[in-house]
Amino acid sequence: MSYDTALTVFSPDGQLFQVEYAMEAVKRGLCCVGVRGKDAIILGVEKKSASKLQDVKTIKKVYQLDHNLCMTFSGLNADARILANQTRLQCQQYKIYYEDDPSVDYIAKFTSQQQQKFTQRGGARPYGISTLIAGFSNNKPKLFQTDPSGACSEWKATSLGKSAKQVKDFLEKHWREGLHEKDALLLTTKALMDVVESGNKNIELCVIRKNECWFLNENEVEELTKITAQLQ
Amino acid sequence: MIDFDPSSFGLAHTYQKEDKDEINTLALPSAPQVIYKTLNGPTQINGGNKLNNFKHGTTTLGFVFKEGILLAVDSRASMGSFLSSEQVRKVIEINEYLLGTMAGGAADCQYWLAYLANHCRTYELKNGSKLSVAAASKFLQGILIGYRNSGLSMGCMIAGTDTTGQHLYYIDNDGMRLKGDIFSVGSGSTYAYGVLDNHYRYEMSLNEAVELGIRAIYHATHRDTASGGVVRVYHIHQNGWTKVHDGIDVVDLHYQFAQQKGLVGDGDEAKQRLF
């Protein structure tokens, strides 16, 4: 008897195969990186165009959830869009209930709770994405990662998707506490450039500061990749 | 918050039927389902069956000053012209960092402030951080808006301390929520405002603030028949709250203040005294 066709069935050795397969989908997804600095968090994603005819710069893979909260992902594009919209709504709903901005912990927990919901009900499949959620709480920068099983954890720097291991090793070697925004930005770009094919057009970068998000435009990314290529 | 409903396991409740509206529409605060039962007929707001209408004549006040927030309340409960109690506790201790005052319907205030306390605790356990005063008061406002026009009667102040300092909010059954530095609520509030507005300064010391609070409540209880009993005083500071006075009888206060003014009470106050 196969234990992997239905979501709501454990295997004899305690695995939920559908959830594991969802995590495989994430591992095949394009690479994304998150780096926590002292006064900013950097999110970087690899973009890939389906063909030369597609305009790569119109693909946006970093979603803004609130004025100082952003999310990116690895995995299925469409699932990310849905989850991002639900999380955006939850940010606003929190404000109606409580007036204050939700903390990053709260939003990360909400996102992972949504992902967990779909590991426990029939007729639906898990979300095929792992997300990186970055923002500020109590003036401290925070970076969270969620995955299809509904787990949620805080990270100093991490990466998801294809070549995640390679990037994580690079980050482990070079990340240190208290990076300034510029250094964190260079670190993220370098990490991405090692794994992304054919350079700058395929990278999207976002800097999350205490009160705003800065989405780097095409020219800024190009300049940044040139500077990074010259280092080391 | 959208919480997972355990009754939705299995194929009987599939994604399409249940979640379509829940996830993608903005859920405005909805009043929790509580059924109000009345002894005789529908709830009436003013008057009605006097034996059910356990309403407060009250004076409660609160103000923000340099050392935090001071709350002072009286303790009388009246049902029409019958004094049902002179020892009511009109400051409700929601938790170690939040206090609520009671004016209007006692039951409404007690229940909903207890509900708020429950919610604050659940939030703290779930999220690892405390709710701010703004958030707690906003949450209560959300509930009261849901019960608008249902006959709730509450005029309460939420005062507390959080990471951004000490804050004072006024919330009433119409769903009004105001942030402010000085509030007084109840039938005796006009008298209390007179004294408060006259002597309030932000730079007061704790002792001056306590005295101002006591005086204001005393004057209200002196002129308003529906306020009286004892004065209770609480102080909110950055480490939580402290009960400064648990119950000073206003009758004793009357004679103390009269003595300070040199009044003897023999009807001949205007007459010059030889001693």
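If you check an unreviewed UniProt entry, chain B appears there as Proteasome subunit beta from Paramecium primaurelia. You can read under Subunit (unreviewed entry) in the UniProt record for chain B the words "Component of the proteasome complex."

For chain A, an unreviewed UniProt entry supplies the name Proteasome alpha-type subunits domain-containing protein and the organism Paramecium primaurelia. As recorded by UniProt, the Subcellular location (unreviewed entry) comment attached to chain A reads in full: "Cytoplasm".

Participant: Residues and numbers for the overall build of chain B, please.
Facilitator: From N to C terminus, chain B includes 6 helices and 12 strands. Burial analysis of chain B (275 residues in total) assigns 47% to the buried set. Carbon and sulfur atoms form 52% of the exposed surface of chain B, whose accessible area is close to 14500 Å².

Participant: I'd like a rundown of the pairing of strand β8 (residues 157-160) of chain A, residues and numbers included.
Facilitator: All names here are of chain A. Alternating positions in β8 separate into two faces, Ala157 and Ser159 on one and Thr158 and Leu160 on the other, with burial throughout. Across 4 bridges, the pairing between strand β1 (residues 32-36) and β8 is antiparallel. Across the sheet, Cys32 pairs through a bridge with Leu160, a residue of β8.

Participant: I'd like a description of the sheet that holds strand β3 (residues 63-66) of chain A, backed by residues and values.
Facilitator: Strand pairing in a sheet is mediated by backbone hydrogen bonds. Such pairs are either parallel or antiparallel. All names here are of chain A. Pairing in this open sheet of 5 strands is antiparallel, and the strands run β3-β4-β5-β6-β7 from one edge to the other. A strand with exactly one partner marks an edge of an open sheet, and here the two such strands are β3 and β7 (152-154). Geometrically, the sheet is characterised by an average inter-axis angle of 25° between neighbouring strands, direction not taken into account. With 3 bridges connecting them, strand β6 (residues 140-146) and β7 associate as antiparallel partners. Paired with Gln145 across the two strands is Ser153, which belongs to β7.

Participant: Go over unusual backbone geometry, please, and point to the residues and values.
Facilitator: All names here are of chain A. Positive phi values are uncommon outside glycine, yet Asn138 reaches one of about 55°. Relative to the helices and strands, Asn138 resides in the loop between β5 (129-137) and β6. Owing to a relative accessible area of 66%, Asn138 belongs among the exposed residues under this scheme.

Participant: A description of the sheet that holds strand β6 (residues 98-101) of chain B should follow, citing residues and the corresponding values.
Facilitator: Residues and elements named next belong to chain B. Judged by pairing direction, the sheet is antiparallel, and its 5 strands sit side by side in the order β5-β6-β7-β8-β9 without closing on themselves. Edge strands, defined here as strands with exactly one partner in the open sheet, are β5 (91-95) and β9 (177-179). Taking each pair of neighbouring strands and ignoring which way they run, the sheet shows an average axis angle of 20°. Bridging between β5 and β6 involves 4 bridges; their strand directions are antiparallel. Its bridge partner lying in β6, Ile92 is registered against Gly100. Of the strands in this sheet, β5, β6 and β7 (155-162) are in contact with helix α2 (residues 106-127), which crosses β5 at around 15°.

Participant: Just give me the short version of the nonpolar core, but keep the residues and values in it.
Facilitator: Core analysis: the biggest nonpolar cluster contains 51 residues, and Leu65, Tyr98 and Ile133 of chain A together with Leu98, Leu116, Leu140 and Ile158 of chain B have the highest contact counts within it. Excluding residues within four positions of it along the chain, Leu116 of chain B makes contact with Ile94, Ala136, Phe139 and Ile158 of chain B. Judged by nonpolar contacts, the second largest core, of 25 residues, contains Ile42, Leu171, Leu192 and Val195 of chain A.

Participant: I'd love a proper account of the packing of helix α2 (residues 77-98) of chain A against helix α3 (residues 104-117) of chain A, names of residues and values included.
Facilitator: All names here are of chain A. Axis separation between α2 and α3 bottoms out at 10 Å; the angle between their running directions is 135°. Taken together, α2 and α3 sit at an angle that is classed as oblique. For the pair α2 and α3, the sense of crossing is right-handed. Taking contact as the criterion, the partners of Leu83, Gln86, Thr87, Gln90, Cys91 and Tyr94 in α2 are, on α3, Tyr106, Ile107, Phe110, Thr111, Gln114 and Gln115.

Participant: Give a description of the packing of aromatic side chains that names residues and reports values.
Facilitator: Inspection of every chain in the model, using the stated rule, returns 17 aromatic pairs over all chains. Ring centres 6.4 Å apart and planes at 20° place the aromatic pair Tyr106 of chain A and Tyr123 of chain B in the stacked group. Remark: Tyr123 of chain B occurs in helix α2 and Tyr106 of chain A occurs in helix α3; the pair is interchain, linking two chains. An identical accessibility class is assigned to Tyr106 of chain A and Tyr123 of chain B; each is buried. Pairing Phe63 of chain B with Tyr200 of chain B gives two aromatic rings, centres 5.8 Å apart and planes at 75°, and the pair type is edge-to-face. A residue pair is termed long-range when its members are at least 10 positions apart, and Phe63 of chain B in strand β1 (residues 60-65) and Tyr200 of chain B in the loop between α4 (189-199) and α5 (206-223) qualify at 137 residues. Put simply, the rings of Tyr94, Tyr97, Tyr98 and Tyr106 of chain A together with Tyr123 and Phe139 of chain B pair up and form one aromatic cluster. The residue whose ring lies beneath Arg121 of chain A is Phe118 of chain A, and the NZ or CZ to ring-centre distance is 5.5 Å. The ring of Tyr169 of chain B has Lys179 of chain B lying over it, and the distance from NZ or CZ to the ring centre is 5.7 Å.

The rules behind each value
- Residues numbered from 1 in each chain as written.
- Chains lettered and ligands numbered in written order.
- Predicted model: local features only at pLDDT ≥ 70, side-chain atom pairs only at ≥ 80, totals over all residues.
- Heavy atoms only, no water.
- UniProt positions renumbered as here; feature names shortened; annotations may be inferred.
- Helix = DSSP H or I, 4+ residues; strand = E, 2+ residues; numbered from the N terminus.
- Buried < 20%, exposed > 50% of the residue type's maximum accessible area, 1.4 Å probe, protein only.
- Areas by Shrake-Rupley, 256 points an atom, 1.4 Å probe, with all protein chains shown as cover.
- Pairing = 2+ DSSP bridges.
- Axes fitted to C-alpha atoms, helices over the stretch in contact; angles between N-to-C directions.
- Contact = heavy atoms within 4.5 Å.
- Core = buried A, V, L, I, M, F, W, Y, C linked by side-chain atoms within 4.5 Å.
- Parallel < 35°, antiparallel > 145°, perpendicular 65-115°, else oblique.
- Left-handed = near helix turned anticlockwise from the far one by under 90°.
- Phe/Tyr/Trp six-rings, centres within 6.5 Å; stacked < 30°, edge-to-face > 60°.
- Lys NZ or Arg CZ within 6 Å of the ring centre and 35° of its normal.

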